[in-house]
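Below, each chain spelled out in residue letters.
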Amino acid sequence: MSPDGTAGKPVPQVQLTIDGVAVSVPQGTTIFDAARVNGIPIPTLCHQQNENPIGVCRVCVVEAGPKFAASCIRQAEQGMVVKTNTESVVGVRKTLVELLMSDHPSPCARQQHSGDCELERMAEQAGVKQPRFPQKVTPRGKDESSIAIAVDHEACILCERCIRGCDDIRHNMVLARRGKGYQAGIAFDNNLPMGSSSCVSCGECMVSCPTGALTNRAVVGTKLTGQAVPPEALLGLPIFKNVSGTFLELNSHAVVERRFRAGDIICREGDFGATAFYIVEGKVDVYLSSPIAHVKTQDSGQGFLSKLKSLLAPRAHDRRTEEVDRPFIPIDASVDLPYDNPIAELGPGELFGEMTCMSYYPRSATVRAKTDCTMLEMLRNVLDIMQRNKNFREQLDRTYRKRALDSHLRSVPVLASLTPEFINHLREHVELVRFAPGQVICRQGEPGDSFYLVRLGFVKVSEHRPGGDMVLAYLARGGYFGEIALLGGIARTATCTALDHVEVVRIPGEDFQLMLDKFPAIRQKLEAAAAERIEANRQRAMQVANVPVEQFLNQGLMEAQSLLILDLERCTRCDQCVRACADAHDGVSRLIREGLRFDKYLVATSCRQCRDPLCMVGCPVGSIRRRNSLEVIIEDWCIGCSQCANNCPYGNINMHPFPVEQDDPTYPGRRIASVKVKATSCDLCLDHEEPSCVYACPHDAAHRVNPPEFFAGLLKQRSSGMKG
Amino acid sequence: MFDELRAIQREFGYLPADQLQALSGKINVPLSQIHAVASFYPHFHLTPPPKVDCRVCADMTCHLRGGDQLKSGLEAAFRGDQQSLSIRDVSCLGRCDEAPAVMINDVIYSHVSGPQAVSMVQDALAGKPLPEALHHKPRVPVAMDPYNGTGEYAVVRRFLETQNWQDIIAALKASGLRGMGGAGFKTGLKWEIVRNAPGTAKYIVCNADESEPGTIKDRFIMENVPHLVIEGMIMAGLVTGAKEGILYIRHEYEYPKEVLQEELDRCYQHCLLGKNILGSGVAFDLKIFVSPGGYICGEESALLEAIEGKRAEPRNKPPFPGTNGLWNQPTVINNVETFCLATVILARGVDWYKAQGKGGSLGSKFVGISGDVNRPGIFEVPMGISYQELIFQHAGGIIDGKKLLGFAPSGPSSGYLPASMTNLPLDWDAVAKVGSMVGSGAIVVCAEGRCMLDMALNSVRFFRNESCGKCVPCRMGSQKMVEMLKGWTEGRAGEHDLQLLKELSDAMRLSSICGLGQVVPVPIVSVLTHFREVVDDHVLRRRCPAGVCFSESARRA
């Protein structure tokens, strides 16, 4: 616990020794996990990280004090002395493996097909050759009734991984144990053949199975272009270690080897995609080919009758309010790109396109082979199983700590002044944590114990209000949360939920406090930012409390600083306003004479400030966000993928085309003219005295107004009416 | 769920698939889970049973008293009648004092001779009514009963005046009372743990699932002094703050169940149980839960799983039931005899109880003596009495004037001790010192002429049959051990079998989840320790000095 107790309610630590090493872990940690996080692997057959431990195979036994304990399920205790590798432990483990092997149809189906039967591998490692125990006499039989999955009860070791996969993970509840003692086995429903049971062939049991008891029967699906890689070859790669070979065999179409020559473009920013790339060999450049600038509307300078002119302006030339002064641009890879020179290099062992693959977001950057490269391109199911694989996770984790933590921390402006020493300190202490779509990362009202940086995916920050939840922000990579509770020693002020496949960097409360103590400047900045966030939230809350008219709220009118309204009693629907808008904006209208109505007015504001700003979900480079006024701002590094425009239900975001020069795909190195688009929203013709639409209206139906003032009388009338 | 399953089985004779499917919808439990539970318990049939289901006890005492011959006699008499008759083994039925025992269509007959068994099966096949099983016996006076059989519940009455629970725990601690189910945990400490454990509800559970071969004392206690057991449970409830008690009884104990139910009804009539015990405002309810069967249910955490309607698979411990028991709440779970003795101690005083022991041992105890003795039965004896005295005086010595070969102090779990050790006193520490245990006091006696390797095989086979199958060492190890020992008795011992057996025993002892798996090797390890010559004869010289093994009849099962 931090000295001032501001780190919320930390979980007490327990100290124990494992193989002579003194370790400290949070209370409730199992011996298995305590050993794992301290680099001491304990073998197991029945335990998987994504399933609840049940402690049945007993292969993970260790000496815990005077007695043996199954480390996967036994919690670490204060002062416990654990030995994982004594002669006695190793002997027991070997006997257990030998017992299982004496009934195992070696080589089982999994071993034959993909060479990755966990039991057979363990037997080989333990030196169990010919089991000395009597062989099994009564056969248990096979079940080939399912078209997708082959069941060999002979190879079943009753580890219950399939049962937990079916029941706990998939909630299908088809699989359970049957019978008792040596006759026990697994059964589908009422001990039916798998093919006649209520099994939906989701395959979870099969990929959970460590042996050949559940393997695939058929290969289904379409193929990626590229060279299919045999499961044995994949299993030879460190990152595929411990992935189910049967799974790889079944999904042989879903991971392919791709070779690129130096200069080849591997993917382009803004493209749709569904795959991730893992670099086996060679180097690539990741860069943005879009100009790093935003759309600026300017008077053409021809007097009263002039048109507005849209052009591109980088932040150095056109500083906007509340623009993020970020030195890095977040992309869908382990590194961020520098704002000034948006290019980075990735090498062997690195992965890119995770968000495109998992959540189908457009590609965030262009990737070009720098040298000749070999890549594995994979579909979502493969990446998903890899993300659950310990070895792969460890490698990603290592790479992240080594390569990306630095730039990731520095890309957050308030943290930019961290010293390399402290970043090195954090390298050892941060934790990458994944969340599935819909999972709550932290909940409003709970004590805060960590600070989080978003690495991957989108986090929804919402505040519970009596009238319903209000979305405060969507945070993408580079966003951070959790500081308010830690700074103030108060409960979480908002709920943060994973919107899609999210990965966050967790900085424990103690380290966060340490950072504040060491870097007063960061504390100041964070406190200022937090104060701003709190104040903005407070004001919104007050407005909600003061304005009783739900409809008004729903339309998001209350917070706008400036609204464009059309008096429908005067409007003849002549569409002059729309034409004027188009004229003013290089032929692209940003005004649609449709929209929500309040009283006799049609409201056509620049942004609806929706309770749930859908536009902000899915920007692959995190270039759209809310200002404190809740309007959106589009940052300079917009890649023009149209995700936000497609998401906005009110059509308030437009894609504005611009001619640019870019790399010639046919002749690398040459530049050609091409058209790029940038997102932009209505700017109320800020450079004009009046918005073009207002000016153009022949019936005096269009007005630019300040909503609280304009609607004050109307609101009062309404609310008293409602009270009456 | 068990009530639903029993109702279906009563109606159809077994559990038809469509009925289970319908049940799944009715109680909103996945079919796979219902099947998992139904297929676990021997009490439930998933296929239509034969017209006559004849099951012969094959364990330890019945094995000694002719159960095998009885079964082979039946098989010979009804050869070829596969359709309407099944003749199978059954695990110990708890009639060791009247061995051998046979169960025909779920009715238990004890002291059955070969011809009697054959004629009963013939009658059953012919549809004739079978004789009523005679279990209703006059009550036997129990010397330690402070109430002479009347059930005055003076301890409860006295407690309610002061409600001073510290005194009760202090008395139990001072008495040195231990759990009589076998493990011997200190009772006072257990009650104190539950008293002090936080929980929304607490439970008192009586383990009356007496199923270990040779163990018959709980049946005797329940039949003769049910009031002492119930009073012990009420006291545990009052002391710990539990409001609900469950007496978990094996389904074969129908008569003891009737006796207990009568006593429970009487308690409710006299306000000794219920929402307001004797007007004190304190509540304690007690009900009987009939086990769906299986020795493993006697393992305390498996028993709790069974009450919760699941497969009786032992839990990983810690946590222990004292803090995380039934429905994950603090639970006192004690054996029948423990509750009985607690009442006696609280009624007669600690000093009286301690003084019952002999030679420095404290208290008295019930033991069951069975096997090759003249007067098998249940005896109430002082702790510290020698096994010599127990076997030769209480149980009337060895049958047919034979010599004693060896004995098990507590059924298969204690392993076998040689005749030379009968001087040992019935004392926890003394018996533990020689690597065995007083356990539940299930003394099984083997006369000269028995093959101790055969007895070890019989014991290990019992454990194999009763393993729940949850963890690898027990599920696989018990099966492989049976196969190995069978090999030894059939002249198929492998060269490295002794070494392998040692490795297997270590693995099972050290890594099994529960006591069952841990004690599977005990019988053979004890025979290797005390009767090594017998094993060497079999393994090295391929002969059985007793003439039991290497024969056709030994090759069965």
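Residues numbered from 1 in each chain as written. Chains lettered and ligands numbered in written order. Predicted model: local features only at pLDDT ≥ 70, side-chain atom pairs only at ≥ 80, totals over all residues.

Participant: Sorry if this is basic, but what is going on with the overall build of chain A here?
Facilitator: Along the backbone of chain A there are 20 helices and 39 strands. In chain A, which comprises 724 residues, the proportion classed as buried is 48%. By sequence separation, contacts in chain A at least 24 residues apart represent 71% of the contacts at least 6 residues apart. (Helix = DSSP H or I, 4+ residues; strand = E, 2+ residues; numbered from the N terminus. Buried ≥ 20, exposed ≤ 12 C-beta atoms within 10 Å, placed from the backbone. Contact = placed C-beta atoms within 7 Å.)

Participant: What should I look at first to understand the environment of Met120(B) in this one?
Facilitator: All names here are of chain B. Among the secondary structure elements, Met120 is positioned in helix α6 (residues 114–125). Using a count of 21 C-beta atoms within 10 Å as the deciding quantity, one classes Met120 as buried. For the pair Met120 and Pro131, spaced eleven residues apart in sequence, the C-alpha to C-alpha distance is 8.2 Å. For Met120, the contacting residues outside a window of four places in its chain are Ile104, Tyr109 and Leu130.

Participant: What is the right way to look at the environment of Leu31(B) in this model?
Facilitator: Mapped onto the secondary structure, Leu31(B) falls in helix α3 (residues 31–38). Taking the C-alpha atoms as reference points, Leu31(B) and Gln21(B), separated by ten residues in sequence, lie 6.1 Å from one another. Apart from residues no more than four positions distant in its own chain, Leu31(B) is found in contact with Asp189(A), Asn190(A), Leu20(B), Gln21(B) and Ser24(B).

Participant: Got a minute to help me understand the sheet that holds strand β1 (residues 52–57) of chain B in this structure?
Facilitator: Strand pairing in a sheet is mediated by backbone hydrogen bonds. Such pairs are either parallel or antiparallel. Residue and element names in this part refer to chain B. Spatial ordering of the open sheet is given by β2-β1-β3-β4, a layout of four strands whose pairing is mixed. Taken across any chain shown, the strands that pair with only one partner, and hence form the sheet edges, are β2 (85–90) and β4 (107–109). In this sheet, neighbouring strand axes are inclined to one another by 25 degrees on average, regardless of whether the strands run parallel or antiparallel. Here strand β3 (residues 102–104) pairs with β4 via three bridges, running antiparallel. Note on β4: the bridge partner recorded for Val102 is Tyr109. The strands that helix α5 (residues 67–77) touches are β1, β2 and β3; relative to β1, the one it contacts most, it runs at about 155 degrees. (Pairing = 2+ DSSP bridges. Axes fitted to C-alpha atoms, helices over the stretch in contact; angles between N-to-C directions.)

Participant: Is there a simple way to explain the nonpolar core in this structure?
Facilitator: The nonpolar side chains of soluble globular proteins are, as a tendency, buried together. Counting residues in hydrophobic clusters, the biggest one holds 349 residues, and the most contacted among them are Val459(A), Met235(B) and Phe407(B). If near-sequence neighbours (up to four positions away) are discounted, Val459(A) is found in contact with Ile441(A), Val454(A), Leu475(A), Gly479(A), Phe481(A), Cys496(A), Thr497(A), Ala498(A), Leu499(A) and Val502(A). Val603(A), Cys682(A), Val694(A) and Ala701(A) belong to the second largest nonpolar core, which has 16 residues in total. (Core = buried A, V, L, I, M, F, W, Y, C linked by C-beta atoms within 7 Å.)

Participant: Is there a simple way to explain the interface of chain A and chain B in this structure?
Facilitator: Many descriptions give the size of an interface as the accessible area lost when the pieces come together. Across the boundary between the two partners, chain A contributes 35 residues, which contact 40 residues of chain B. Elements with a minimum of two residues in the side of chain A that touches chain B: β4 (67–70), α2 (87–102), β8 (175–178) and β9 (185–188) of chain A. Of the residues forming the side of chain A that touches chain B, the biggest block, seven residues, is contributed by α2(A).

Participant: Got a minute to help me understand the packing of helix α10 (residues 217–224) of chain B against helix α12 (residues 254–269) of chain B in this structure?
Facilitator: For any two helices packed against each other, the geometry is given by the interaxial angle and the distance between the axes. Residues and elements named next belong to chain B. Interhelical geometry of α10 versus α12 gives an angle of 35 degrees and a closest axis separation of 8 Å. For α10 against α12, the interelement crossing comes out left-handed. Of α12, the residues touching α10 (which contributes Arg219, Met222 and Glu223) are Tyr255, Pro256, Val259 and Leu260. Here the contact of α10 with α12 is built from residues that sort into five nonpolar, no polar and two charged. (Left-handed = near helix turned anticlockwise from the far one by under 90°. Nonpolar A, V, L, I, M, F, W, Y, C, P; charged D, E, K, R; others polar.)

Participant: What's the story with the pairing of strand β7 (residues 149–152) of chain A in this structure? I'm lost.
Facilitator: Residues and elements named next belong to chain A. The alternating pattern of β7 places Ile149 and Val151 and Ala150 and Asp152 on opposite faces, both of which are buried. Strand direction decides the pairing type here: strand β6 (residues 142–143) and β7, joined by two bridges, are antiparallel. Note that in β7 the partner of Lys142 across the bridge is Asp152. The hairpin formed by β6 and β7 contains five residues between the paired strands.

Participant: Got a minute to help me understand the pairing of strand β8 (residues 331–335) of chain B in this structure?
Facilitator: Both faces of the sheet carry side chains from a regular strand, because those side chains alternate between them. Residue and element names in this part refer to chain B. Burial within β8 is extensive, with five of its five residues counted as buried. Burial along β8 is two-sided: Thr331, Ile333 and Asn335 and Val332 and Asn334, pointing in opposite directions, are all buried. Bridging between strand β5 (residues 203–208) and β8 involves five bridges; their strand directions are parallel. When the bridges of β8 are listed, Tyr203 appears paired with Thr331.

Participant: Where do I start with the confidence of the model for chain A in this structure?
Facilitator: Do not read the predicted coordinates in detail wherever pLDDT is low. Residue and element names in this part refer to chain A. Looking at chain A, pLDDT values average 80 and 82% of them are 70 or higher. Ranking the elements of chain A by mean pLDDT puts helix α16 (residues 550–554) last with 49 and strand β5 (residues 81–83) first with 97. Counting interchain partners and residues more than four positions distant, the pLDDT-below-50 stretch residues 544–550 has twelve contacts. (pLDDT = per-residue confidence, 0-100.)

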